Amino acid sequence: MTERIHLLQHETSRRTLLKSSAGMAGLAISGPALITLLNTHAVGAQGEKSITWSRGDDLRTQDPQEISGLMEGTINRLLYEPLIDTDEKQQLLPALATEWSMAEDGLSYTFKLRDGVTYHDGTPFTADSVKFTFDRLLAKPELQHAALWVDSLQEVRVDDPLTVTFVLTAPNPGLLTSFPGESILAHNAVEQYGEDFFTKGIGTGPFKYVEWTKNQQWVGEANENYWNAGVVKLNKVTFRPITEEATRVAALRNGEVDLIDSLSGERAAELDGQDQIVIARTPSTDTIHLTFNFTRPPFNIKEARWAVAHAIDTETIVNDILQAGQRVAAPIPEGTIGYSAELVSAFPEYNPEKSKELLAQAGVAEGTKIEFKMNPAWFAKLDQVGEFVAEQLRAVGFDVDMQFLEPGAYTEARQSHSFDLAVQQGNKGLNPDPNYTVLVVHGTFGLAYNEARPDVIEWINQARSELDETKRGELYQQIQQAMYDDMAEFILYRQEYIWGVKERVVGFVPRPDWQTRVFALDVQG
């Protein structure tokens, strides 16, 4: 493909509705006419300009190949860049690669790399950096991002300083959609900075790392040598973790912060129409679901898992608690291969009596204790959703030990199978394979379904390599149906992303993947 640089500029007025053509619902932005979409040829920043952004969670790690949180991802994209990026409609765009192609047999991808790019420390970006990045993933399968690549990638071959070829173990027609999530590291990083090189934040991105004080703030400053001259308009970006939604809202109102995310529908309604605040919202392709521990009773029994599904009123969660989002029964969204309109609306009936009957069939005694664990700071009102779910499970006979954990402890609990129920985010938009590979094939976050249904794992592997789009779509529908029948995971809702933005912020674009391009923002006044 030929290089395409993002050239969009637009102004909106309060309650203007932007319609996305990416096979999903529309993007909505409300507020005065002060939101301008990204213009990569804009004039550079004049004078000192800065913004402060807040959400509920802090960084768990600075390693680009270990990140999974939304704050981590947003900050990471300031410091580092992938070979391929996406726009707000999730269309692929050149980043550190200017063009790419797949071999006719589907067994390799070749990338032409951007010339003249340097890392923050002056190290040139070359094909050696790409090879180092992916060799590290293959050599360290324990890294969270490795699960996406170890089954597909055989080797990375340097053809010349600006050409690299990915040799695959089998065809993988959807692999391109995984590249936007993989930051390219400096090839001499370990040699120059040691094994914890990632704490230096040395990337090719539009901002440079200044400091991180855990649970207080992260600070970055503009990269004056960034290759895409003119795109960076701010001098400084600060991220502040503020756990409580009410406190974040207060900080936005009094001007302590310029942007907040993870707003609930209730808080968004309160803020909408207030002077100097813009509400931006978009449907997402993310689902929030319950993960069951298949390795121990009671949820190694299918009837017990279905009992949970019949015990929870998801309509109340969406309409009354969140006042946002959407009920769905299957994870693949409309517009993505494998979507099933029939299955996505096949909601398990909310029926506590049926739940009790299924528990009796499964031999689960009344008063059975279960550990229900979650990170409440992830998303809007997730703590209230968790408490609601716990109360509904108590109503059908479970003794629920509800535990709110910090991000690191929560990841450890899931990976060590130290839970009965856990809350998990999933996203099967664009291409279902990466999420199925991480969550199901490798069970990275505690779902041991791979041991219970090896046949489904084989279907996922087949779908990954299937070049025929029709057959591939049929396989994904088959996978969804099997996991639904087994109630391998129970979807609570599909998320809606909502932000509160100060009027002075220019260039904010609500994205269905949440990954706002902060480096493209500007401020007025």
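The shown structure was predicted, so the numbers you read here are calculated from the model rather than taken from an experiment. (Residues numbered from 1 in each chain as written. Predicted model: local features only at pLDDT ≥ 70, side-chain atom pairs only at ≥ 80, totals over all residues. Heavy atoms only, no water.)

Asker: How should the pairing of strand β20 (residues 489-502) be read in this particular structure?
Answerer: Note on strand geometry: in a regular strand, side chains alternate between the two faces of the sheet. Extensive coverage of β20 is indicated by the burial of 13 of its 14 residues. With two bridges joining them, strand β15 (residues 259-260) and β20 adopt antiparallel strand pairing. Pairing of I260 across the sheet is with G500, part of β20. As paired strands, strand β16 (residues 277-292) and β20 are joined by twelve bridges and run antiparallel to one another. By the bridge assignment, L290 is partnered in β20 with F490. (Buried < 20%, exposed > 50% of the residue type's maximum accessible area, 1.4 Å probe, protein only. Helix = DSSP H or I, 4+ residues; strand = E, 2+ residues; numbered from the N terminus. Pairing = 2+ DSSP bridges.)

Asker: So what exactly am I meant to see when it comes to empty space enclosed by the protein here?
Answerer: Which parts of space are left empty comes out when a probe the size of a water molecule is rolled across the atoms. Following the criterion strictly, the structure yields five cavities of 30 Å³ or more and no others. What the second largest cavity holds in volume is close to 130 Å³. Lining the second largest cavity are 15 residues, and of these L263, L322, A380, Q495 and E496 sit closest to its centre. Of all the elements, β20 adds the most residues to the lining of the second largest cavity, at five residues. A class-by-class count of the residues in the lining of the second largest cavity yields nine nonpolar, five polar and one charged. (1 Å grid on protein atoms, 1.4 Å probe; cavity = no way out; pocket = protein on both sides within 12 Å on 5 of 7 lines; lining within 4 Å. Points joined across faces, edges and corners; volume = space filled by probe spheres on them. Nonpolar A, V, L, I, M, F, W, Y, C, P; charged D, E, K, R; others polar.)

Asker: Got a minute to help me understand the layout of surface pockets in this structure?
Answerer: Its volume calculated, the second largest pocket comes out at about 280 Å³. Residue composition of the lining of the second largest pocket, grouped by class: seven nonpolar, four polar and five charged.

Asker: I would appreciate a short explanation of the pattern of salt bridges in the present structure.
Answerer: Side-chain pairs of opposite charge can arise where the charged atoms are in close proximity. Across all of its chains, the model carries 25 salt bridges by this definition. R60 is the partner of E72 in a salt bridge, and the nearest nitrogen-oxygen pair spans 3.8 Å. Taken together, the residues E72 in helix α1 (residues 70-79) and R60 in the loop between β5 (50-55) and α1 connect sequence positions twelve residues apart. Judged by relative accessible area, which is 3%, E72 ranks as buried. In this structure, the salt-bridge partner of K356 is E353, at a minimum N-O distance of 3.6 Å. Taken together, the residues K356 and E353, both in helix α9 (residues 352-361) and three residues apart, mark about one turn of the helix. For E353, a relative accessible area of 48% gives the class partly exposed. What you see here is one network of salt bridges that share partners, running through R296, E371, K373 and D420. (Salt bridge = Lys/Arg side-chain N within 4 Å of Asp/Glu carboxyl O.)

Asker: Any chance you could explain the sheet that holds strand β9 (residues 108-113) here in plain terms?
Answerer: Adjacent strands of a sheet pair through backbone hydrogen bonds, lying either parallel or antiparallel. The antiparallel open sheet is built from four strands, whose spatial order is β8-β9-β11-β10. A single partner strand is all that each edge strand has here, and the edge strands are β8 (97-102) and β10 (153-160). When strand polarity is set aside, the average angle formed by the axes of neighbouring strands in this sheet is 20°. Each of β9, β10 and β11 (163-168) touches helix α2 (residues 127-139); the most contacted strand, β10, lies at about 165° to it. (Axes fitted to C-alpha atoms, helices over the stretch in contact; angles between N-to-C directions. Contact = heavy atoms within 4.5 Å.)

Asker: Is there a simple way to explain the side chain of T163 in this structure?
Answerer: Note on placement: T163 falls in strand β11. Look at T163 and you get buried, because its relative accessible area is 5%. Only 3.2 Å separates the side chain of T163 from the side chain of K112, close enough to count as a polar contact. When near neighbours in sequence (up to four residues on either side) are disregarded, T163 contacts T110, F111, K112, L113, A127, R157 and V158. (Polar contact = N/O pair within 3.5 Å; in protein donor to acceptor, adjacent residues only side chain to side chain.)

Asker: Looking at this structure, I do not really get the confidence of the model for the protein. What am I missing?
Answerer: Should the pLDDT be low somewhere, the predicted coordinates at that spot are not to be read in detail. Mean pLDDT over the protein: 90, with 91% of residues reaching 70 or higher. pLDDT under 50 marks residues 1-46. Its contacts with residues more than four places away, or in other chains, come to 130 contacts. (pLDDT = per-residue confidence, 0-100.)

Asker: What exactly am I supposed to notice about the packing of aromatic side chains here?
Answerer: Each aromatic ring pair is characterised by the separation of its centres together with the angle its planes make. Under the counting rule described, the total for this entry stands at 27 aromatic pairs. Taking the centre distance of 6.0 Å and the plane angle of 65° together, the rings of W218 and F239 count as edge-to-face. One end of the pair, W218, is in strand β13 (residues 217-222); the other, F239, is in strand β14 (residues 236-241), and 21 residues separate them in sequence. Given a relative accessible area of 2%, W218 falls into the buried group. F239 gets classed as buried once you look at its relative accessible area, which sits at 1%. Here the aromatic residues W53, Y209, W218, F239, W378, F379, Y410, Y497, W499, F508 and W514 are joined through ring pairs into a cluster of three or more. Lying over the aromatic face of F347, R327 brings its terminal NZ or CZ to 4.0 Å of the ring centre. The aromatic ring of Y436 is capped on one face by K428, whose charged end is 4.7 Å from the ring centroid. (Phe/Tyr/Trp six-rings, centres within 6.5 Å; stacked < 30°, edge-to-face > 60°. Lys NZ or Arg CZ within 6 Å of the ring centre and 35° of its normal.)

Asker: Can you help me understand the packing of helix α14 (residues 454-465) against helix α15 (residues 469-485) in this one?
Answerer: Each packed pair of helices is defined by two parameters, the angle between the axes and the distance between the axes. One way to put it is that α14 packs onto α15 with a least axis distance of 9 Å and a crossing angle of 155°. As summarised for this structure, α14 and α15 are arranged roughly antiparallel, according to the angle between their axes. Along this stretch, α14 crosses α15, giving a crossing that reads as left-handed. Touching V456, W459, I460, Q462, A463 and R464 of α14 are R472, L475, Y476, Q478, I479, A482 and M483, all from α15. When its residues are assigned to classes, the contact of α14 with α15 shows nine nonpolar, two polar and two charged. (Parallel < 35°, antiparallel > 145°, perpendicular 65-115°, else oblique. Left-handed = near helix turned anticlockwise from the far one by under 90°.)

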